[in-house]
Amino acid sequence: EQTRGVIKMGANQFKMRLAPKTTCSGYHLRCSDKDPSSLKALAQEPEVAAAFALPDLVWYQLWLYSFSNNDFLGKDWTDAMVEAEYNETKAWAVHMLTTYSGTGKTFFAGNWEGDWALMGASGCKKNGKFDMNCDPTPQIIERMVKWGQARQRAIDDARAETEGSVHNVT
């Protein structure tokens, strides 16, 4: 219903959070009884997929957070965490590219206000307020860099893997 409302206003772009425990409840969607366990499974939920399938919407700005590493700034990244992030993101990207091939759609995978996430994870939030004199720690910045690198590599590899078999979708 939200996506149809956006279209009625004349828009062709939609923002959505794809993340564990928030996409279905936050958008009041009727998702399956079994909670999705990956970004790909979440994208396949009928009401989520219906939003992606609307022909009038061609630009999707997605705040993408994996099921594999829901607390991506909470601990130092291990090789296993990097691999899990890569695999889940790549499976999602391949799904989106192949499912929406030929539609002219563009999907942007990002994060919501990473600056505040960095500050919060660095202990710069006290009593509900951010200390604007506090800088994110190098350790937390490195965690975000590893997270971003794993995701970008996964998307690049998904594009390479589907090259020649998909068209008119990015």
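Because the structure is predicted, anything quoted here is derived from the model rather than measured. (Residues numbered from 1 in each chain as written. Predicted model: local features only at pLDDT ≥ 70, side-chain atom pairs only at ≥ 80, totals over all residues. Heavy atoms only, no water.)

Draft legend 1. Spatial organisation of the sheet that holds strand 3 (residues 106–110). Pairing is parallel across the open sheet formed by 3 strands, whose spatial order is 1-2-3. Each edge of the open sheet is held by one strand with a lone partner, namely strand 1 (13–18) and strand 3. Shown here is a sheet whose adjacent strand axes are inclined to one another by a mean of 20°, direction ignored. When strand 1 meets strand 2 (residues 59–64), the two strands line up parallel, connected through 6 bridges. Looking at the pairing, Lys-15 lines up with Gln-61 of strand 2. (Pairing = 2+ DSSP bridges. Helix = DSSP H or I, 4+ residues; strand = E, 2+ residues; numbered from the N terminus. Axes fitted to C-alpha atoms, helices over the stretch in contact; angles between N-to-C directions.)

Draft legend 2. Representation of helix 4 (residues 46–53) within the structure. Those residues of helix 4 not exposed but buried are Val-48, Ala-49, Ala-51 and Phe-52. In an axial view of helix 4, the angular spread of the buried residues amounts to 155°, which keeps them on one side of the axis. (Buried < 20%, exposed > 50% of the residue type's maximum accessible area, 1.4 Å probe, protein only. Arc of directions from axis to C-beta.)

Draft legend 3. Main features of the nonpolar core. Residues Met-16, Leu-18, Phe-52, Leu-62, Trp-92 and Phe-107 are the most contacted members of the largest nonpolar core, which totals 28 residues. At the level of elements, strand 1, helix 3 (39–44), helix 4, strand 2, helix 5 (79–99) and helix 7 (138–162) are the ones that each hand at least two residues to this core. For this core, the element with the highest residue contribution is helix 5, accounting for 5 residues. Those residues in contact with Phe-107, other than ones at most four positions away along the chain, are Phe-52, Tyr-60, Leu-62, Met-96, Tyr-100, Val-169 and Thr-170. Grouped together as the second largest cluster of nonpolar side chains are 11 residues, Trp-63, Trp-77, Ile-140 and Trp-147 included. (Core = buried A, V, L, I, M, F, W, Y, C linked by side-chain atoms within 4.5 Å. Contact = heavy atoms within 4.5 Å.)

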